[in-house]
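Residue strings, one per chain:
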Amino acid sequence: MPIEPHSPLIDTFQRVHTSLRISVTDRCNIRCFYCMPLENVRFKPRDELLSFEEMARVVRVAAGHGISKIRLTGGEPLVRSNLAELIRLLKNISGIDEVALTTNGILLPDQAADLKRAGLDRLNVSLDALSEAMFERITRRQGVQKVLDGIAAAKQAGFHDIRLNAVAIRDLTEGEIVPLAKFARENDLHLRFIEFMPLDADRNWDASQVLSGEDLRAIISRDVVPLVEANRSDASQPATDFAYADGNQRVGFINSVTHPFCGTCNRLRITAEGQFRNCLFGTTEWDARQILRTGGSDADLSQLLHDCVVAKKASHGIDSPEFVPPARAMYQIGG
């Protein structure tokens, strides 16, 4: 049966999907061990990546079915040339209320102003460590000061409510928790800690490495300022937010492993080479690029989107003995 125009993207568990994450590239200028292998990184040939026009077409179709929020990811999205052009295209699509970007911040000093002028609504900056030694251990590159300069450039360009994302890893990053919390408070940044997930290219993840949101909250409450529960403004957001008792900023915990939030997930993904995914940990993909490049119609894209959504499982299943990590690493999927 043909998909009705403007029909919402509702899965069999009655979750309504309104958010699409678009990976614009699988390339990156750092090599975080939880995302990419150290050696033999194989990037997609550039002609296999979707063009900006192809991405915009997908978004126009998706917006017709209720997608209203777009997040651009990678790899590192700022290594894709002329990204501001894509942002302008997306901001002109009817029904799109927000275009956000997740970046490691290293290239923000040169691009923040252009991104703001293009209409980018919001920035998430990934920073797992403030000490150069730990930053280099995680990313296999130097660059803490470049990230800090990028955050400063973003604030100067007029970005507000900047989110700082940090992956927490047991027996590795405990010493970074308090410095990051204090830095975020001092610079009016909304810090969010992300539990270490099984998406590393080297397949070395182990559950014992998960530093839980509950443990992180206890550390911050003890060593920075006590945290109190905060109102959840958006039931579908991945982070559980807590406010500092003194009223100075919030901190969020994305507890993907210890407390999955699959029941309220409203997100879909499309990889840089045009494959729809209904879950970060999914093992099935739906080929939008084939439709885009072989004369397929918008109705074909609508059908593909709905097929992808209907096939979505109840949860990612990390806590299940039958869980099998996806063949792709994080950089190949899109954060």
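Our structure's up above, just so we're on the same page.
Here goes a summary of the coordinates provided. Please read all numbers here as calculations on a predicted model, not as lab measurements.

1. What about the packing of aromatic side chains?
At step 1: Evaluation of the coordinates by the stated rule reveals five aromatic pairs.
At step 2: Taken together, a centroid distance of 6.3 Å and an interplanar angle of 80° make the contact between F33 and F196 edge-to-face. Taken together, the residues F33 in the loop between β1 (19-23) and α1 (52-63) and F196 in the loop between β6 (190-195) and α7 (213-223) connect sequence positions 163 residues apart. As far as burial versus exposure is concerned, F33 and F196 are alike and both buried.

2. Re the nonpolar core
At step 1: Of all hydrophobic cores here, the largest spans 108 residues; its most connected members are L20, I70, L72, F193 and I220.
At step 2: Of all the elements, α1 adds the most residues to this core, at eight residues.
At step 3: Dropping the residues within four chain positions of it, L72 is found in contact with I22, V24, P77, L83, L86, I87, L90, V99, A100, L101 and T102.

3. Considerations on the layout of surface pockets
At step 1: Quantified by volume, the second largest pocket comes out at close to 300 Å³.
At step 2: Lining the second largest pocket are 18 residues, with K69, R71, R122, R163 and D234 sitting closest to its centre.
At step 3: Elements supplying a minimum of two residues to the lining of the second largest pocket: β1, β2 (69-73), β3 (98-103) and β4 (122-126).
At step 4: In the lining of the second largest pocket, the residues fall into three nonpolar, six polar and nine charged.

4. Some points on the pattern of salt bridges
At step 1: Here the structure, examined in full by the defined rule, presents 15 salt bridges.
At step 2: When the shortest N-O distance is used, the salt bridge between R222 and D223 registers 2.9 Å.
At step 3: The class for D223 is partly exposed, based on a relative accessible area of 36%.
At step 4: Between R277 and E285 there is a salt bridge, and its shortest N-O distance comes to 2.7 Å.
At step 5: With relative accessibility at 2%, the residue R277 sits in the buried group.
At step 6: Each of E273, R277, E285 and R328 takes part in salt bridges that share partners, so that together they form one network.

What counts, and at which threshold
- Residues numbered from 1 in each chain as written.
- Predicted model: local features only at pLDDT ≥ 70, side-chain atom pairs only at ≥ 80, totals over all residues.
- Heavy atoms only, no water.
- Phe/Tyr/Trp six-rings, centres within 6.5 Å; stacked < 30°, edge-to-face > 60°.
- Helix = DSSP H or I, 4+ residues; strand = E, 2+ residues; numbered from the N terminus.
- Buried < 20%, exposed > 50% of the residue type's maximum accessible area, 1.4 Å probe, protein only.
- Core = buried A, V, L, I, M, F, W, Y, C linked by side-chain atoms within 4.5 Å.
- Contact = heavy atoms within 4.5 Å.
- 1 Å grid on protein atoms, 1.4 Å probe; cavity = no way out; pocket = protein on both sides within 12 Å on 5 of 7 lines; lining within 4 Å.
- Points joined across faces, edges and corners; volume = space filled by probe spheres on them.
- Nonpolar A, V, L, I, M, F, W, Y, C, P; charged D, E, K, R; others polar.
- Salt bridge = Lys/Arg side-chain N within 4 Å of Asp/Glu carboxyl O.

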